[in-house]
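Breakdown of the fold
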Amino acid sequence: MAALQHFAFTAFWRNKKNIAVALFLLLFTAGFLYIARYQGIGDQLRQVTGVQLSLNANVNRYDQYATGQKRKLAVYHNLLAQKQAYAEAQAGMLLGDRSMLAEGNLDVARIQLAGYRLGYAGTADLNIPDEFTVRQNLTLAKGLVHSNHQIQFQINTAVSYLILIMQVLGPWFFLVILLLTSDIWLDKQTHFSVMANIPVTPLQQALAKLTAGTSMSLLLIIGAFMTAGMAAGVAFGFGDWTYPVVTTAGQLTTVPFWLALILYLMLAAVLTLFTVCLALLLNSLTHNPYVTLFAGAALWCVGMLFPTASRWIWFIPTGILNLGALFTGAATTQTPLALTGLIGPVALLLGWSAILLYLFGQNERRAQR
């Protein structure tokens, strides 16, 4: 069994495709720091300015006929209140007044949430966050006040950069793992003579592949976060690891960043296990890495491109393949899983992993008859 484990781990990391994917991911997490800084990604002041311009355009567009209607008049007053709240938050940013900034952020989120209850009639092109994001912003604003932290305006510490990486790479981790494991079972056919000389059962071979694929893929994800943290930490400092981060526990809440990172990596471990099980089954059925990639990517696309449909079929893991949305609860909103926090999606992924492994075993037994 030890020889089989060694063969599985060696085959995984000697694969040129996997080496290329690993190098790209590590270089991206280190280099994206400077792209984010240069492009102003995560810059709160730029985002506030963009929303203010949109608010001004919508307020100016309301004329006597629009404001003469009761519902649209209420929206008009809501937009004016948002402008005032954004101005307060922006002034707090520029002046470094933490109290003014905290109150401004709370007011912005509360007023935007009230606007969603009004339906924002006549403002189809209004550039404000969606309702779930507004709820996240409100939860974060309350968490910042409660923990006495100042909101991070831009990427200026390892903590702020790692939070950005969690958001940016979250939707893509499934595809990265799928790419790494798209041919995980195919070396049984490619190196049949080698495998035939190892006195183990197909079940033991599958467990070795599952262990190697899961642990090595997860190790790469951890390595990517370590690379990102070190790159930002050396350049700008490591920051406060108790900074609040929004997640779900049946309802939106905040946890310290260090705990958020642990929870995120635990979710990554479960997602990795599911992806490896899916790759094993697809390899066993198709004997083709490209069909495996296409089928897995199709499942991922359903959740990414058709979020409404993925909520209807919540019992099939499509939307929860987005690790960032899964962590914040956006992937499970408006589904029965929303009330279970992170536990429900984890149980669903583990359940499907068991089903995929069972189907894989059945298909391999039929192939050997």
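Please refer to the structure higher up on the page.
The rules we used
Residues numbered from 1 in each chain as written. Predicted model: local features only at pLDDT ≥ 70, side-chain atom pairs only at ≥ 80, totals over all residues. Heavy atoms only, no water. Core = buried A, V, L, I, M, F, W, Y, C linked by side-chain atoms within 4.5 Å. Buried < 20%, exposed > 50% of the residue type's maximum accessible area, 1.4 Å probe, protein only. Helix = DSSP H or I, 4+ residues; strand = E, 2+ residues; numbered from the N terminus. Contact = heavy atoms within 4.5 Å. Patch = residues over 30% accessible without salt bridge, like charges linked within 9 Å, V, L, I, M, F, W, Y side chains within 5 Å. Areas by Shrake-Rupley, 256 points an atom, 1.4 Å probe, with all protein chains shown as cover. Salt bridge = Lys/Arg side-chain N within 4 Å of Asp/Glu carboxyl O. 1 Å grid on protein atoms, 1.4 Å probe; cavity = no way out; pocket = protein on both sides within 12 Å on 5 of 7 lines; lining within 4 Å. Points joined across faces, edges and corners; volume = space filled by probe spheres on them. Nonpolar A, V, L, I, M, F, W, Y, C, P; charged D, E, K, R; others polar. Pairing = 2+ DSSP bridges. Phe/Tyr/Trp six-rings, centres within 6.5 Å; stacked < 30°, edge-to-face > 60°. Lys NZ or Arg CZ within 6 Å of the ring centre and 35° of its normal. Expected span 1.5 Å × (residues − 1). Axes fitted to C-alpha atoms, helices over the stretch in contact; angles between N-to-C directions. Parallel < 35°, antiparallel > 145°, perpendicular 65-115°, else oblique. Left-handed = near helix turned anticlockwise from the far one by under 90°.

Our focus in this paragraph is the nonpolar core. Tyr 161, Phe 174, Phe 225, Phe 257 and Leu 323 are the most contacted members of the largest nonpolar core, which has 75 residues in total. Here this core gets 16 residues from one element, more than from any other, and that element is helix α13 (residues 257-286). Setting aside chain neighbours within four positions, we find Phe 174 in contact with Leu 271, Phe 274, Thr 275, Leu 278, Gly 296, Trp 300 and Leu 321. Of all hydrophobic cores here, the second largest spans 11 residues; its members include Val 59, Ala 85, Tyr 120 and Ile 128.

Together, Met 230, Val 234, Phe 238, Trp 241, Trp 258, Ile 262 and Met 266 make up a nonpolar patch on the protein surface, roughly 730 Å² of accessible area in all. Secondary-structure elements contributing two or more residues to the nonpolar patch are α12 (202-236) and α13. Counting residues per element, the nonpolar patch draws most heavily on α13, at three residues. Tracing the backbone through its elements, the reader meets Met 266 in helix α13.

One pass over the structure, following the stated rule, counts two cavities of 30 Å³ or more. Approximately 70 Å³ is the volume found for the largest cavity. Around the largest cavity, the lining residues are Ser 310, Arg 311, Trp 314, Ile 316, Pro 317, Thr 318, Gly 319, Ile 320, Ala 331, Thr 332, Thr 335 and Leu 337. Counted by class, the lining of the largest cavity contains six nonpolar, five polar and one charged residues.

Moving on, we get to the environment of Leu 350. Along the chain, Leu 350 turns up in helix α17 (residues 343-367). Residues Leu 350 and Val 270, spaced 80 residues apart in sequence, show a C-alpha to C-alpha distance of 7.0 Å. Look past the residues within four positions of Leu 350 in its chain and what remains in contact with it is Val 270 and Leu 273.

Across five bridges, strand β1 (residues 244-248) lies against strand β2 (residues 252-256) in antiparallel orientation. Each residue of the ladder has a partner; that of Pro 244, found in β2, is Pro 256. Counting the residues between successive antiparallel strands, the hairpin from β1 to β2 contains three residues, one of them, Gly 250, with a positive phi of roughly 95 degrees.

Overall, the coordinates contain 10 aromatic pairs when judged by the stated rule. Arranged with centres 5.3 Å apart and planes meeting at 40 degrees, the rings of Trp 172 and Trp 300 form a pair that is tilted. A residue pair is termed long-range when its members are at least 10 positions apart, and Trp 172 in the loop between α8 (158-169) and α9 (173-181) and Trp 300 in helix α14 (residues 289-305) qualify at 128 residues. Judged by its relative accessible area of 9%, Trp 300 is buried. Every member of this aromatic cluster is reached through a ring pair, and the members are Phe 173, Phe 225, Tyr 264 and Phe 327. In this structure, Arg 37 packs its charged tip against the face of Phe 236, placed 4.4 Å from the ring centre.

Next up on the list: α13. Taking 1.5 Å of rise per residue, the 30 residues of α13 would be expected to cover 44 Å, and the 42 Å separating its terminal C-alpha atoms lies within 8% of that figure. Backbone geometry just downstream of α13 places His 287 in the positive-phi region, at approximately 55 degrees.

Note that Thr 275 resides in helix α13. We classify Thr 275 as buried; its relative accessible area is 0%. Once residues lying within four places of it in the same chain are set aside, the contact partners of Thr 275 are Phe 174, Ile 177, Leu 178 and Thr 181.

One pass over the full model with this rule turns up two salt bridges. Among the ionic pairs, Asp 183 bridges to Lys 17, the shortest N-O distance being 3.5 Å. Residue Asp 183 is located in the loop between α9 and α10 (187-190), and its partner Lys 17 is located in helix α2 (residues 16-39); the two are separated by 166 residues in the primary sequence.

Before going further, it helps to spend a moment on α9. Burial analysis of α9 places seven of its nine residues in the buried class, the great majority of the element. By the burial criterion, the buried members of α9 are Phe 173, Phe 174, Val 176, Ile 177, Leu 178, Leu 180 and Thr 181.

We now examine the packing of α9 against α13. Where α9 contacts α13, the axes come no closer than 9 Å and their chain directions differ by 45 degrees. When the axes of α9 and α13 are compared, the pair comes out oblique. Here α9 runs over α13; the crossing is right-handed. Where α9 abuts α13, its residues Phe 173, Phe 174, Ile 177, Leu 178 and Thr 181 lie against Tyr 264, Leu 271, Thr 272, Phe 274, Thr 275, Val 276, Leu 278, Ala 279 and Asn 283. Across the contact of α9 with α13, the residue classes break down as 10 nonpolar, four polar and no charged.

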